[in-house]
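Remarks on the overall topology
Each chain, letter by letter, is given below.
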Number of protein chains: 2
Amino acid sequence: MFGTIGNTGCSGVRRNTMNNNSPVDCLERLRLLDRERMHICRSAALLQWDQETYLPSDGVEERAEQLAVLEGLAHEKLISGEVGELLDKLRDCASIAGTAAEAISDLQDGMDGFPAKDFLRVFRRDYDKAVKLPVDFVRECARAEGLSQAAWIEARGHKDFAAFAPHLEKMIGLAQQKAAFWGWEKDSLYDGLLDCYEPAFGEKEISAVFDPLQEKLQQLLQKIAARPKPENVFLNHHFKEQKQEAFFREVLSGIGFDGKRSRMDISAHPFTTTLGFNDVRITTRYDGSDPLSGLFSVIHESGHAFYELGIDGALRYSSLAEGASMGIHESQSRLWENVIGRSRAFWKPWFPRFREYFSEELGNTDFENFYRSVNTILPGPIRVEADELSYSLHIILRFELEKKLIAGQLSVNELPDVWKAKMKDYLGVECADDAEGVLQDVHWSMGAFGYFPSYALGNLYALQFWDSLQRALGDVDELLERREYEKIHSWLRENIHRKGRSAEPSELIKEVTGRPLSAESFFLYIENKYTELYGL
Amino acid sequence: MFGTIGNTGCSGVRRNTMNNNSPVDCLERLRLLDRERMHICRSAALLQWDQETYLPSDGVEERAEQLAVLEGLAHEKLISGEVGELLDKLRDCASIAGTAAEAISDLQDGMDGFPAKDFLRVFRRDYDKAVKLPVDFVRECARAEGLSQAAWIEARGHKDFAAFAPHLEKMIGLAQQKAAFWGWEKDSLYDGLLDCYEPAFGEKEISAVFDPLQEKLQQLLQKIAARPKPENVFLNHHFKEQKQEAFFREVLSGIGFDGKRSRMDISAHPFTTTLGFNDVRITTRYDGSDPLSGLFSVIHESGHAFYELGIDGALRYSSLAEGASMGIHESQSRLWENVIGRSRAFWKPWFPRFREYFSEELGNTDFENFYRSVNTILPGPIRVEADELSYSLHIILRFELEKKLIAGQLSVNELPDVWKAKMKDYLGVECADDAEGVLQDVHWSMGAFGYFPSYALGNLYALQFWDSLQRALGDVDELLERREYEKIHSWLRENIHRKGRSAEPSELIKEVTGRPLSAESFFLYIENKYTELYGL
């Protein structure tokens, strides 16, 4: 296939004699360049996956260099003069009066279901963004990221924030530089970073959603704090890693995780990565005292994986073969983890299996006991183990801190103490040390500032999608009780997954749910669920 | 470090104004380009390692494309105009009368122990070779190789040579084309392929060593066949994979395999790959009925890994950070596997541990029994499980066949039958099917024609080195009995490993052993060992 696409007759473009090339020829050539770039990106993703899973410890430094080289090459491919010329040529075709309609219909016809117009819009946006970053800067980022992540793993292990601080400082500086390269003003650098993850939302728009949500969630939290806590059924037992793994794999396969196109490994921090159209990988970790910590992370990452695996084959190898946005991506993982994974209906058939694996450890725990246990509202220091209600408050805290870090209103040295103070204020939680405080997340070590808000936006998207799914499928609980997940997968695939990045998030939510994004569905869901559970 | 080397003031070269650059500047620039290329090659090696170990089955096709892109990029880096200009410039410096000595001493002084002259010799050779292969051809090879390897795995599983035949045909065609691109005449294409693995030996030179060796080995084999066979102590027992793995890992760590710089995984065919200076990986497989099949492959691959891990830090990131040749590489693996790994002295301390792992399975087997069992001469169909004596005959068979395949004197369709006939003739062995016949090795599926002879040459190098090592270290058996491997590692590192590719194989063997390569040491070793063992 590679060779065929390479010989579409657009080779003239290489020699800057584009006048004789049809728009279809130019688009084919652009798709080939995009395809090569995607292959380099996926290769870099494998280097990263391997760094988190199997790389020998002394190999970290060289791996950072290898990554820097590949990411530099991918960047060079994207910003090459040829790409710029092809994009300009295609824009000119479309804008010359009288030929626009013709050119575009040409493009659509020749593409076998490939959404050429969406591709050009998205590719142009990526190009415009990338062309502003110098190659040396991109390499520096990749290398610093590798070293910073390695330092973070060490520092977290030793509960030693000071060892990580210079790396964090470096990553903040690079993030600020990045936003500045993109043309954002000094006082709106954070908006520039948010724009990478959720284009429709700047700092102001997010505050407008987060501020009232924070208030409502804190009120609900206070009511719940006044009620008796449900018994923790997992106290004082050891859950063997081998048995956990076997159960996780049974659930994975049960909910439709395809072993021919995906796999699961172990890493310090669970993640999902796409290494090819038929190669999407998740990772997990095992907590000997709580099997559900790992299990819910597995279900969470599966939600991400289902999205990637559900993208239409017509988008394969192209820049469109990714999620619409981080928030939309997170809506899929949190839908599976919480809305499905922590529901009564889901556990009705799975609890008996779970008991078979861990009969001794669970003792006399009955279903209702267990269900309450996996839905306990109990604020704690760790985000990835937080209940559905506290979770958004964890995110709001990170949002508050990272916007100040980027704005230079908070120094890295102050960070651990400010973190602890805010944890106490928002969630009433004391952090014992920095490992369960500011060092718990991988994101900042990777320079991914502006990423955190997507998690909370994901919750909002998820519940708004879920309302529509329920209207379309009728009694979803019955499906879950029968472990029939295919209708749910189909609905999500048809309405969300298959479109990949060809859909703009703000359009997608309106198209699928009939209204723009709001926190309404999410808060109603939380309020109803926990009012019932805690008898409020 | 990357940034520093990137700014050595040789940037003028990029603009084709090299006249003002000193040889040292040019060499630094060349080393930087080499370093980037090595990073791409190591990344491609990771893609391959992953394909053999963890890649989901449906991801194979896309992986082949990814590999093709990375290998194409590495090739482009090597043959870039800038590389050619730098090499010419440096050659000119060295050849202008009066400045040669000066320029070279300049180079050596500025390099912190880096062997600049050797680097230029090797790099020039690689460049000259690579520049003759068109980029599209290199990509086609990489892609065909990925598909061919996948087809081979399938075909071997189904004992279905016909399914693999078109891929083999394709790989032969590509190998012939490759040798032709390098400028070899139609009747010496196989010499061109041999040249990649063992420069000093063409088809004629190899025949001159192999022919008499074949005769002597077959004579010895006949004598042994007339003697009673030792009892096989592994018959009718199942050796659990988990226990095998635990024992393998204990041996690995005991003989000095460094977990911070290396790792072991599972694949269909054991191999060693270098993904970085501190990241050398081996693979193995488990045979439930014979734990020693896997163990000796582990020791074999460790020998390769020790070589790679022993290369001097001054060569790091450069083209010199590889083995001197395939034969020299193989000498290290076969030294560990056979000369050390199948000796009485090695097993004296390890046999008691082995018995602890498998006491039930081994029953009353005593040391002598066991030692005879791991040194049984018993010709069989599988090369990687062959005894030390039969092994070279397996290689000679492959040498005979592949030279004919490349010369077009043998067709792919005839191959399975000719294989079977030759197996009977050389070793007296019947192959039950193609899985234990022509489909057993990975090499041809990768297009690695000309590789096999290195294995037998490796045996010759190994025993010639071993003679010198014994003269230098005195009672080596005593070291082995005390599990003191460090002196052996040191001698090998100092005399062979640390030099990497800076040593030419034909020079290296003379330098280390005082004489050119011959089969003398090898045959004496075989004759003595088995005369004693079989009371001939």
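What counts and what doesn't
Residues numbered from 1 in each chain as written. Chains lettered and ligands numbered in written order. Predicted model: local features only at pLDDT ≥ 70, side-chain atom pairs only at ≥ 80, totals over all residues. Heavy atoms only, no water. Least-squares fit on C-alpha atoms with pLDDT ≥ 70 in both. Contact = heavy atoms within 4.5 Å. Pairing = 2+ DSSP bridges. Helix = DSSP H or I, 4+ residues; strand = E, 2+ residues; numbered from the N terminus. Axes fitted to C-alpha atoms, helices over the stretch in contact; angles between N-to-C directions. Expected span 1.5 Å × (residues − 1). Bend = angle between axes of the 7 residues up to and from the residue. Buried < 20%, exposed > 50% of the residue type's maximum accessible area, 1.4 Å probe, protein only. Polar contact = N/O pair within 3.5 Å; in protein donor to acceptor, adjacent residues only side chain to side chain. Buried area = accessible area lost by both parts, 1.4 Å probe. Salt bridge = Lys/Arg side-chain N within 4 Å of Asp/Glu carboxyl O. Core = buried A, V, L, I, M, F, W, Y, C linked by side-chain atoms within 4.5 Å.

As for the relation of the copies chain A and chain B
- Superposition of chain A onto chain B requires a rotation of 180° combined with a translation of 0.0 Å along the rotation axis, giving an RMSD of 0.0 Å. The symmetry that links the two subunits is that of a two-fold axis.
- Interface residue correspondence from chain A to chain B reaches 100%, placing this contact among same-surface, isologous pairings.

Side note on the sheet that holds strand S2 (residues 272–276) of chain B
Residue and element names in this part refer to chain B.
- Sheet architecture is open: three strands sit in the order S1-S3-S2, paired in mixed fashion. A single partner strand is all that each edge strand has here, and the edge strands are strand S1 (262–266) and S2. Pairs of neighbouring strands in the sheet enclose a mean axial angle of 25°, with direction left out of account.
- Pairing of S2 with strand S3 (residues 279–284), which is carried by four bridges, proceeds in the antiparallel orientation. Within S3, the position partnered with threonine 273 by the bridge is arginine 281.
- Contacting S1, S2 and S3, helix H2 (residues 23–53) crosses the sheet at an angle of about 135° to S2.

Notes on helix H13 (residues 326–340) of chain B
All names here are of chain B.
- End to end, H13 covers 20 Å across 15 residues, agreeing with the expected 21 Å (1.5 Å per residue, within 8%).
- Along H13, the largest kink reaches about 35° and is centred on arginine 334.
- In terms of burial, H13 is largely enclosed, as 14 of its 15 residues are buried.
- The N-cap residue of H13 is serine 325: its side-chain oxygen and the backbone nitrogen of glycine 327 are 3.4 Å apart.

Description of the interface of chain A and chain B
- In this complex, chain A contributes 43 residues to the contact, which on the side of chain B involves 43 residues.
- Here chain A and chain B share an interface that buries about 3700 Å² over both sides, 54% of which is from carbon and sulfur atoms.
- Our count for the contact surface shared by chain A and chain B stands at ten salt bridges.
- Note that aspartate 279 of chain B and arginine 63 of chain A form a salt bridge whose closest N and O atoms lie 3.5 Å from each other.
- Between chain A and chain B we count 18 residue pairs in polar contact (both at pLDDT 80 or more) in total.

Focus: the nonpolar core
- Judged by nonpolar contacts, the single largest core of 130 residues is most densely connected at Trp347, Phe354 and Trp444 of chain A.
- When residues in this core are grouped by element, the largest group, eleven residues, is from helix H19 (residues 452–473) of chain A.
- Setting aside anything within four residues of it in sequence, one finds tryptophan 347 of chain A in contact with Phe247, Leu292, Leu295, Phe296, Gly341, Arg342, Pro352, Phe354, Phe367, Phe370 and Val374 of chain A.
- Formed by 129 residues, the second largest nonpolar core is a distinct cluster that contains Phe137, Phe210, Phe248 and Val412 of chain B.

What about the pattern of salt bridges?
Residue and element names in this part refer to chain A.
- Counted under the stated rule, the structure contains 92 salt bridges over all chains.
- Across the salt bridge formed by arginine 372 and glutamate 368, the nearest N and O atoms sit 3.4 Å from each other. Of the two residues, arginine 372 and glutamate 368 are both situated in helix H16 (residues 367–374); the distance of four residues between them amounts to about one turn of the helix.
- Look at glutamate 368 and you get partly exposed, because its relative accessible area is 28%.
- Ionic pairing is found between aspartate 441 and arginine 398, a salt bridge with its closest N-O pair at 2.7 Å. Placement of aspartate 441 in the loop between helix H18 (415–427) and H19 and of arginine 398 in helix H17 (residues 388–407) is noted, with a sequence separation of 43 residues between them.
- Looking at aspartate 441, the relative accessible area reads 7%, which means it is buried.

Some thoughts on the environment of phenylalanine 247 of chain A
Residues and elements named next belong to chain A.
- By secondary structure assignment, the location of phenylalanine 247 is in helix H11 (residues 241–254).
- According to the relative accessible area criterion, phenylalanine 247 is buried, its value standing at 1%.
- Not counting the four nearest positions on each side in its chain, phenylalanine 247 is found in contact with Leu295, Trp347, Trp350, Arg353, Phe354 and Tyr357.

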